[in-house]
Amino acid sequence: QVQLVESGGGSVQPGGSLRLSCTASGSIASIHVMGWYRQAPGKQRELVADSSSGGRTNYADSVKGRFTISRDGGKNTVYMQMNNLKPEDTAVYYCYADRGWPYIVSWGPGTQVTVSS
C-alpha cells in the first residue's frame, strides 16, 4: 500500500500563487506516476497534471503555462507550483500515485485551494 500526505493548499487572490506538495510512504518502489486531480463543487474530478518516473509530464489544457509539476524521486514527493491562479482553479486537489497493474491507485485526502477576491 501507498500512503499520501498533501500540504500547501489555502486561499489566494486571483493572480496569486500556491505550491502543493505530496509525499508518498509505504510501498513506494513501484510507483510509476504521481500527479494531481481536482474536483470543484458540482463537477467531476479532473486530471490537472502528472509526472512519470521516466520524466514525462502531462498537463490539462486549462493549466498549461501556469502550473508546473515536479517530482523529487529521492524524497518520494511530487510538487505542483501554481501561478496566476484564477477563480476557476478553486477546487479540492487530490494527489495520486499509480503503481500500475495489478495495484489500485492510491489517493491522498485532498487539500482545498480557493481563489477569490
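Above this note sits the structure.
Residues numbered from 1 in each chain as written. Predicted model: local features only at pLDDT ≥ 70, side-chain atom pairs only at ≥ 80, totals over all residues. Heavy atoms only, no water.

**Topic: the overall build of the chain**
Each helix and strand counted, the chain has zero helices and eleven strands in total. Moving toward the C terminus, one meets the helices and strands of the chain in the order β-β-β-β-β-β-β-β-β-β-β. Its C-alpha radius of gyration of 14 Å places the chain within 12% of the 13 Å reference for a compact globule of 117 residues. Dimensions of the chain along its principal axes, counting C-alpha atoms only, are 45 × 25 × 20 Å. Looking at the chain residue by residue over its 117 residues, the buried ones come to 40%. Within the chain, residue pairs in contact and separated by at least 24 positions form 54% of the contacts whose partners lie at least 6 positions apart. Per element, the accessible surface of the chain, about 6200 Å² overall, is 48% carbon and sulfur. Of the charged side chains in the chain, 11 are positive and 8 negative; the average position of the first set lies 2 Å away from that of the second. (Helix = DSSP H or I, 4+ residues; strand = E, 2+ residues; numbered from the N terminus. Rg over C-alpha atoms; globule rule 2.2 N^0.38 Å. Buried < 20%, exposed > 50% of the residue type's maximum accessible area, 1.4 Å probe, protein only. Contact = heavy atoms within 4.5 Å. Areas by Shrake-Rupley, 256 points an atom, 1.4 Å probe, with all protein chains shown as cover. Lys, Arg positive; Asp, Glu negative; His and termini not counted. Charge placed at Lys NZ, Arg CZ, Asp CG, Glu CD.)

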